[in-house]
Amino acid sequence: MDTVVTRFPPSPTGYLHIGGARTALFNWLYARKTGGRFILRIEDTDEARSTKESVDAIFKSLEWLGIDWDEGPFFQTQRYDIYKEYINKLVASGHAYYCDCSPEEVNAMREKAKSLGKKPMYNGKCRELNKEWKPGMVVRLKAPAMGTTVVEDVVKGNTAFPNSELDDFIIQRSDGSPMYNLAVVVDDITMGINTIIRGDDHLVNTPKQMLIYKALEAPLPLFAHVPMVLGSDKARLSKRHGAMSVSEYMDMGYLPDAMLNYLVRLGWSFGDQEFFRREELIEKFSLEHIGRSPSMFDMDKLTAINAKHIQDKSSSELAPIFSAHLAKREIALPDTQDNHDGDTKRVEKIIETLQPRSKTMVEMADAAIFYFRESIEFEEKAAKKFINSDAVELLKLSARYIKELKPDEFTEKNLEDAMKKVMEETGLKFGKIAQPLRVALTGGTVSPGIFEMILALGQKKTVERIQKAIEHIQ
Ligand SMILES: Nc1ncnc2c1ncn2[C@@H]1O[C@H](COP(=O)(O)OP(=O)(O)OP(=O)(O)O)[C@@H](O)[C@H]1O
Ligand SMILES: [Zn+2]
């Protein structure tokens, strides 16, 4: 087969939502898997609703997801000359004609068809009149009156549309602008697109588009119409319907790889495998395994997949995302100028303590705040229960034994030994020591494992915090 060429053609009338993103992803994956090309085209002919902000928002979301394009972005509004050229060709070859029937006339035709129990449609009055072009005329395509147009689709199988339900539809408006279906087909032909994967909301357009391909004597592309992504109310996700922008999930602490994994599973399967890394998706994706029924967006599932991807990543991969979320909490990471390596390692250590328990990067950043504070505040209940006179002795001993360690002795093993000594001298069990320490170090009773946390916090801060807790009691 020829090189696969796919495309994603959003209209910039809002941001990119989950449904559109999944369509983009399928096209991108298929191109990457087959070594083909993926083209981005902005369908901005609805000039009243299209905005530059939306274009930028779409780019931002695609970039965040790591969906990169090989060609484009092309803008339909910059291609009007090309559409005109093809419309002229269609008229010249006798496949299209000029029509000056007034809206009132066309309305009357539609009413008449309706009264005869037919679909409301234009009756072809100007079809054989060979009218010369005059300003204000529209161009109509000659559609066959009989027979059927069968859409052959990799996902849906064959769908037959009776031609009697298609009228000679307009391909160029009276103001000279191209109609949607004409522009799409001309773009797809001239851009060499041979594989069209799109939402099945477009299936109704496909017979019309097929007639245009035929009139232009262009080979048909492969069609894959994929079922819609629905919201929890079972209505299809759409901008107008208030679906969230993909980039909001970035702010909410989801990883792009998790989003990709979740999106692809909304409508595609590989046995019962749920977890996929990016490279694995490229390797395994296929059109054959796209499902036939619509799927519902489920935030809890996305979150569960996200937790798995957070665990799957190395701490150094997570570090830049983690830092970005911390920055929003006005926590600047320690000055890395003079001790770059040490601090990078420290951030990675901190991440490692939180990775197993964070479902999102937002959770991780929130849970990390205590590491960075100059001084911590104790939660009231926790302080009452654990930072009291009963704890003075164990805190003093802990501070002493941790402080005694030389920098190169500050290891998990030596910390365990230090705690053993505290246990022996106080006669307390480990749990009775760990909780007060935890509150002293974090302010609360929930934290990562005590030793890994102390290691990530650092020796100096650990000792300082324990001493502050002792002062607090006395
Ligand atoms: N809910 C959805 N599920 C799956 N695919 C969708 C969904 N909504 C749109 N798409 C697909 O995304 C692609 C881009 O669509 P487009 O930019 O027109 O967004 P849209 O959400 O359909 O716009 P609007 O909300 O204004 O109707 C098309 O292939 C379309 O079929
Ligand atoms: Zn007419």
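Heads up: the structure comes first, above all this text.
Parameters at a glance
- Residues numbered from 1 in each chain as written.
- Chains lettered and ligands numbered in written order.
- Predicted model: local features only at pLDDT ≥ 70, side-chain atom pairs only at ≥ 80, totals over all residues.
- Heavy atoms only, no water.
- Helix = DSSP H or I, 4+ residues; strand = E, 2+ residues; numbered from the N terminus.
- Buried < 20%, exposed > 50% of the residue type's maximum accessible area, 1.4 Å probe, protein only.
- Contact = heavy atoms within 4.5 Å.
- Donors = N, O, S within 2.8 Å, 3.2 Å for Na, K, Ca; no water.
- Tetrahedral: all angles 85-135°; square planar, octahedral: opposite > 155°, others 65-115°.
- Pairing = 2+ DSSP bridges.
- Axes fitted to C-alpha atoms, helices over the stretch in contact; angles between N-to-C directions.
- Salt bridge = Lys/Arg side-chain N within 4 Å of Asp/Glu carboxyl O.

Tell me what's going on with the environment of Pro221, and back it up with residues and numbers.
Here Pro221 is to be found in the loop between α6 (206-215) and β10 (222-226). Take Pro221: its relative accessible area is 8%, and that puts it in the buried class. Considered as a pair, Pro221 and Ile189 are 32 residues apart in the sequence and their alpha carbons are 8.8 Å apart. Those residues in contact with Pro221 that sit more than four places away from it in its chain are Ile193, Asn194, Thr195, Ile196 and Tyr213.

Break down the coordination of the zinc ion (ligand 2) for me, citing the residues and quoting the values.
Those protein atoms acting as donors to the zinc ion (ligand 2) are Cys99 (SG), Cys101 (SG), Tyr122 (OH) and Cys126 (SG), and they sit at 2.1 to 2.5 Å. Each of the four donor atoms around the zinc ion (ligand 2) contributes to a set of angles spanning 92 to 129°, which defines the coordination as tetrahedral. What makes Cys99 buried here is its relative accessible area of 2%.

Any details on the sheet that holds strand β1 (residues 5-8)? Residues and values, ideally.
Taking strand neighbours across the sheet as the criterion, the three strands line up as β1-β2-β3 in an open arrangement whose pairing is parallel. The open sheet has two free edges, formed respectively by β1 and β3 (71-75), since each of these has just one partner strand. The sheet shows a mean angle of 25° between the axes of neighbouring strands, taken without regard to direction. Each of β1 and β2 (37-42) is contacted by helix α1 (residues 18-34), which is oriented at about 165° to β1, the strand it contacts most. Relative to β2, helix α2 (residues 52-65) is tilted by about 155°, and along the sheet it contacts β1, β2 and β3.

I'd love a proper account of the pattern of salt bridges, names of residues and values included.
Applying the stated criterion across every chain, the model contains 29 salt bridges. Residues Asp201 and Arg236 are paired through a salt bridge, measuring 4.0 Å at the closest nitrogen-oxygen approach. Here the residue Asp201 occupies a position in the loop between β9 (195-199) and α6, and Arg236 occupies one in the loop between β11 (229-230) and α7 (246-251), the gap between them amounting to 35 residues. In this structure, Arg278 and Asp257 form a salt bridge, with 2.8 Å as the shortest nitrogen-oxygen distance. Taken together, the residues Arg278 in helix α9 (residues 278-284) and Asp257 in helix α8 (residues 256-265) connect sequence positions 21 residues apart. In this structure Asp257 comes out as buried when scored by relative accessible area, which is 13%. Several salt bridges converge on common partners, so that one network encompasses Arg7, Arg41, Glu43, Arg79, Asp187 and Asp188.

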